[in-house]
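Residue-level structure breakdown
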Amino acid sequence: MSFNDLLEANREFAAHFDLAGFDGVAHAGVAIVTCMDSRIDPLGMLGLKPGDAKIFRNPGGRITPQALEALVLAVHLLKVERVLIVPHTRCAVASNTEAELRAQVAASAGIDASWQPFSVISDQVAALGEDVQKVHSHPLVPDSIEVGGFLYDVDTGLLDQKY
Ligand SMILES: [Zn+2]
């Protein structure tokens, strides 16, 4: 499979491109940490548009060391004042054990996957609370920064604030 269809779409995109020279700050003062899941439209679900928010995604929407690195840059250099941490319903890393994910990947890959770590979560809401606390308690995240933890329902499009 080549990338030709996507590059053709990109030329169409560029023909209407109007963000040239746009700065890299978050114009709505918002950062979003969410899952890689293709059902999630981080900007659309918050009524935002390109330029408004910093977005960091990984499996599960977890606060990892690299997510913290992104948020420290976001709050100090990119005008972010509010951070939303947004895991979602029916997430693969919250509904499988690590052994189950390794078995599924091994079946797809045709080779052993038992060495591959997968950061699974057994209690999604508890993990979200810990992640909110990780951001709040980071020495380089000022107290003035608002941090919220939300569960996104992939079947209704609604956010449920948990923290
Ligand atoms: Zn997910």
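See the structure above.
Since the model is a prediction, treat every value here as computed from it, not as a measurement.

**Re the environment of Ala28**
Take Ala28: it is sitting in the loop between α1 (4–15) and β1 (30–35). Judged by C-beta crowding, with 19 C-beta atoms within 10 Å, Ala28 ranks as partly exposed. Once the C-alpha coordinates of Ala28 and Val120 are considered, the two residues, 92 residues apart in sequence, prove to be 32 Å apart. Each residue touching Ala28, except ones within four places of it in the same chain, is listed here: Leu48, Asp52 and Ala53.

**Some thoughts on the nonpolar core**
Most often, soluble globular proteins have nonpolar side chains that are buried together. Ranked by size, the top nonpolar core spans 31 residues in total, and within it Ala31, Val33, Leu71 and Val83 carry the most contacts. Contributions of two or more residues to this core are made by β1, β2 (53–58), α2 (65–77), β3 (82–86), α3 (92–95), α5 (124–136) and β4 (146–152). A per-element tally of this core places β1 first, with five residues. Those residues in contact with Val83, other than ones at most four positions away along the chain, are Ala31, Leu71, Val135, Ile145 and Val147.

**A look at the pairing of β3**
For β3, the buried fraction is high: four of the five residues fall into the buried class. When β1 meets β3, the two strands line up parallel, connected through five bridges. Note on β3: the bridge partner recorded for Thr34 is Val86. By the bridge criterion, four bridges tie β3 to β4 in an arrangement that is parallel. Of the residues in β4, the one forming a bridge with Ile85 is Gly149.

Criteria and thresholds
- Residues numbered from 1 in each chain as written.
- Predicted model: local features only at pLDDT ≥ 70, side-chain atom pairs only at ≥ 80, totals over all residues.
- Helix = DSSP H or I, 4+ residues; strand = E, 2+ residues; numbered from the N terminus.
- Buried ≥ 20, exposed ≤ 12 C-beta atoms within 10 Å, placed from the backbone.
- Contact = placed C-beta atoms within 7 Å.
- Core = buried A, V, L, I, M, F, W, Y, C linked by C-beta atoms within 7 Å.
- Pairing = 2+ DSSP bridges.

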